[in-house]
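Structural characterization, general
Listed below, chain by chain, are the residues.
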Amino acid sequence: MTLLIRVSKQVQRKNFQNLLLCRFLSESSALRKGPESKEECEWLHGSSQEMLSIVRGYVEVRQNFISKEEENALFKEVETGLRKKRYEFDHWDDAIHGYRETERLQWGVMCESILKRVRAVAFPEGSPLLGPIHVLDLDKEGYIKPHIDSVKFCGSTIAGLSLLSDSVMRLVPENKSTDWVDLLLSRRSLYILRDDARFKFTHEILKDEESFFSGQKVARHRRISIICRNLPV
């Protein structure tokens, strides 16, 4: 009888331990569905954990990718060409409001070094890239409307440096407009959109009055983005 009681207690203890293990594994699995790190929480927010899981691996924001000195060098190079243009409020495909833009093939030594760093982290080695770098200058009152870039003009990856201002980029799945993912594009950060994030989601830069991230106001000022793309295949 004593032996049976001892065996019974051991079975009960083992079952209890198994229950704790199952609960731990279940909770760990649930946690893995959320943001993977504290750093990710700082720039990624969405309408649901499912949406975050869908875009993970296709979106990336690298905070403080460039220094203040590097930002200033980039700004000086592009400002000369931009100041000759006026802000436009009617884009040819109605995608951008309050902008001016240009392209650059030639860059100074420091800026070329920065762009080389962007290419190294954003694109596969040997990936054919669009030659001219796109420079987009948004007025404080400017914004980019929801759109998907044409596959005729660019490939699977887009990478952009954000100068002068923080902003919020919103991604919305084409087939479910009630869902969304927000990326906080801090000043001097680099954002990267790849594959599904490029082709299955619209992307936009929110207006100043709509510019919130995780409930916190993100004040919009004049913003310059320096954008690299690869060629379509």
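The rules behind these values
Residues numbered from 1 in each chain as written. Predicted model: local features only at pLDDT ≥ 70, side-chain atom pairs only at ≥ 80, totals over all residues. Heavy atoms only, no water. Core = buried A, V, L, I, M, F, W, Y, C linked by side-chain atoms within 4.5 Å. Buried < 20%, exposed > 50% of the residue type's maximum accessible area, 1.4 Å probe, protein only. Helix = DSSP H or I, 4+ residues; strand = E, 2+ residues; numbered from the N terminus. Contact = heavy atoms within 4.5 Å. pLDDT = per-residue confidence, 0-100. Salt bridge = Lys/Arg side-chain N within 4 Å of Asp/Glu carboxyl O. Phe/Tyr/Trp six-rings, centres within 6.5 Å; stacked < 30°, edge-to-face > 60°. Lys NZ or Arg CZ within 6 Å of the ring centre and 35° of its normal.

Details of the nonpolar core
As a rule of thumb, soluble globular proteins bury nonpolar side chains together. If you look at the biggest cluster of nonpolar residues, it comprises 30 residues, and the most contacted ones within it are Leu44, Val59, Met169, Leu171, Leu183, Tyr191 and Leu193. Listed by contribution, the elements that provide at least two residues to this core are α3 (49-55), β2 (59-62), β3 (96-104), β4 (133-147), β6 (167-173), β7 (181-185), β8 (190-194) and β9 (201-205). Take this core: its biggest share by element is four residues, from β7. Sequence-distant contacts of Tyr191, that is, excluding residues within four places in its chain, are made with Glu60, Val61, Ile158, Ala159, Gly160, Ser162, Met169, Leu185, Arg223 and Ile227. Formed by 23 residues, the second largest nonpolar core is a distinct cluster that contains Leu82, Ile114, Val118 and Ile224.

Quick word on the confidence of the model for the protein
The pLDDT averaged across the protein works out to 84; a share of 82% of its residues lies at or above 70. Mean pLDDT in the protein bottoms out at helix α1 (residues 2-32), which sits at 37, and peaks at β7, which reaches 98. Contacts of residues 1-35 to residues separated by more than four positions or lying in other chains number 11 contacts, the stretch itself having pLDDT below 50.

Quick look at the pattern of salt bridges
When their charged atoms lie close together, side chains carrying opposite charge are able to pair. Applying the stated criterion to the full structure yields 17 salt bridges. For the salt bridge of Arg62 with Glu60, the shortest nitrogen-to-oxygen distance reads 2.6 Å. If you follow the salt bridges from partner to partner, you end up with Glu79, Arg100, Asp137 and Arg222 in one network.

A closer look at the packing of aromatic side chains
Applying the stated criterion across every chain yields a total of zero aromatic pairs. The ring of Tyr87 carries Arg100 above its face, with NZ or CZ at 4.2 Å from the centroid. Here Lys207 stacks its cationic end above the ring of Tyr143, 4.7 Å away from the centre of that ring.

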